Amino acid sequence: MNAPAAPAWSSRREIPPARVETGVGAVEVHVRGGVVAGGAPPGAQFALYRMRPTEVVVHRPDGRRDRARVPDTGAGTLRRLLLAGAAVALLSLIVERTLRT
Amino acid sequence: MNNDPVETVRDTLAGTVGRIPSIATAEAVVGPVREENGRIAIPLASVAAGFGLGLGAGHEGGDAADGDDAPAARGSGGGGGGGGGAKARPVAVVELTENELQVHQVVDSTRIAVASLALAGWCVFWITRTIRAFRRR
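The present account deals with the structure reproduced in this document. Please read all numbers here as calculations on a predicted model, not as lab measurements. (Residues numbered from 1 in each chain as written. Chains lettered and ligands numbered in written order. Predicted model: local features only at pLDDT ≥ 70, side-chain atom pairs only at ≥ 80, totals over all residues.)

1. Quick word on the overall build of chain B
Helix and strand counts for chain B stand at three helices and four strands. Within chain B, contacts between residues at least 6 apart in sequence are counted, and of these 53% link residues at least 24 apart. (Helix = DSSP H or I, 4+ residues; strand = E, 2+ residues; numbered from the N terminus. Contact = placed C-beta atoms within 7 Å.)

2. So, the packing of helix H1 (residues 73-100) of chain A against helix H3 (residues 109-136) of chain B
Packing of H1 of chain A against H3 of chain B brings their axes to within 9 Å, and their N-to-C directions diverge by 5 degrees. Classified by the interaxial angle, the pair formed by H1 of chain A and H3 of chain B is roughly parallel. (Axes fitted to C-alpha atoms, helices over the stretch in contact; angles between N-to-C directions. Parallel < 35°, antiparallel > 145°, perpendicular 65-115°, else oblique.)

3. Observations concerning the nonpolar core
What tends to happen in soluble globular proteins is that the nonpolar side chains get buried as a cluster. With 33 residues, the main nonpolar core has Val 27 and Val 29 of chain A together with Val 29 and Leu 44 of chain B as its most contacted residues. Those elements that provide at least two residues to this core are strand S2 (18-22), strand S3 (25-40) and strand S4 (44-59) of chain A together with helix H1 (5-23), strand S2 (39-59) and strand S3 (76-96) of chain B. Those residues in contact with Leu 44 of chain B, other than ones at most four positions away along the chain, are Val 29, Pro 53 and Val 70 of chain A together with Val 29, Val 30, Gly 31, Val 91, Ala 92 and Val 94 of chain B. (Core = buried A, V, L, I, M, F, W, Y, C linked by C-beta atoms within 7 Å. Buried ≥ 20, exposed ≤ 12 C-beta atoms within 10 Å, placed from the backbone.)

4. Comments concerning the interface of chain A and chain B
Opposite the 51 residues of chain A that make contact, chain B presents 58 residues. Of all the elements in the fold, those that place two or more residues in the side of chain A that touches chain B are S2, S3, S4, strand S5 (65-69) and H1 of chain A. In terms of residue count, H1 of chain A provides more of the side of chain A that touches chain B than any other element does, 13 residues in total. Residue classes in the side of chain A that touches chain B are distributed as 35 nonpolar, 10 polar and six charged. (Nonpolar A, V, L, I, M, F, W, Y, C, P; charged D, E, K, R; others polar.)

5. Some details on the pairing of S4 of chain A
Across 15 bridges, the pairing between S3 of chain A and S4 of chain A is antiparallel. Counted as the bridge partner of Val 29 of chain A is Val 56 of chain A from S4 of chain A. Between the end of S3 of chain A and the start of S4 of chain A, which pair antiparallel, lie three residues. Where S4 of chain A and S2 of chain B come together, eight bridges link them in antiparallel fashion. Residue pairing across strands places Ala 44 of chain A opposite Gly 54 of chain B, the latter belonging to S2 of chain B. Pairing analysis gives five bridges linking S4 of chain A to S5 of chain A, with the strands arranged antiparallel. Note that in S5 of chain A the partner of Glu 55 of chain A across the bridge is Arg 69 of chain A. Count of turn residues in the S4 of chain A/S5 of chain A antiparallel hairpin: five residues, of which Gly 63 of chain A carries a positive phi of about 100 degrees. (Pairing = 2+ DSSP bridges.)

6. Observations concerning H3 of chain B
In this model, H3 of chain B (28 residues) spans 40 Å end to end at C-alpha, consistent with the 40 Å of a helix rising 1.5 Å per residue. Counting buried residues in H3 of chain B gives zero out of 28 residues, a small share hidden from the surface. (Expected span 1.5 Å × (residues − 1).)

Okay, here's the thing in structure tokens:
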């Protein structure tokens, strides 16, 4: 039985930017994320990836270069909500403990 | 040429999953470019995907090299499973003109509303718990 050459664990954090040619210049989209792949012989394999755009750079034909950051307000708000929840739970536990002693 | 169907399926699926890292490029976050009245719109998305599989095969009674007539009396089998999922969420739209570059963010208000409600419930639970502890005292 020939076992396939399953790759060992590998990950890649550096993802080259995407390039789109438009009428007003080339648009470069920088991303943040990574790819993880791995496997174990004889027949197990997996692959995961996640990417998010972070910055847009436009290379104009006249040499100008415009940059803009891609905001992620939704994720920021969710992060703040999570922190607020953790803070409320921690404060409640501290108050409860103080009352008991 | 491999005639074992289990191995054929395994090789095909393993090849498909193995190719994923090479196709996971930044192009996946960029949507189709639309141009209208001198304005160019490029949608951007956050993407995530995961795939996995496990396959195996075996022969009953051990090694086939035990004897010449032994394999005919033995059974063999194989099986496996796999799964995967992918998610894409719009995060922004790039608006491009001759002189201007603007990035309009796309906020998922439903997600934030649900998270806010969950936080409200969480806070009510902890505050009620603290008040009860205070009353017991």
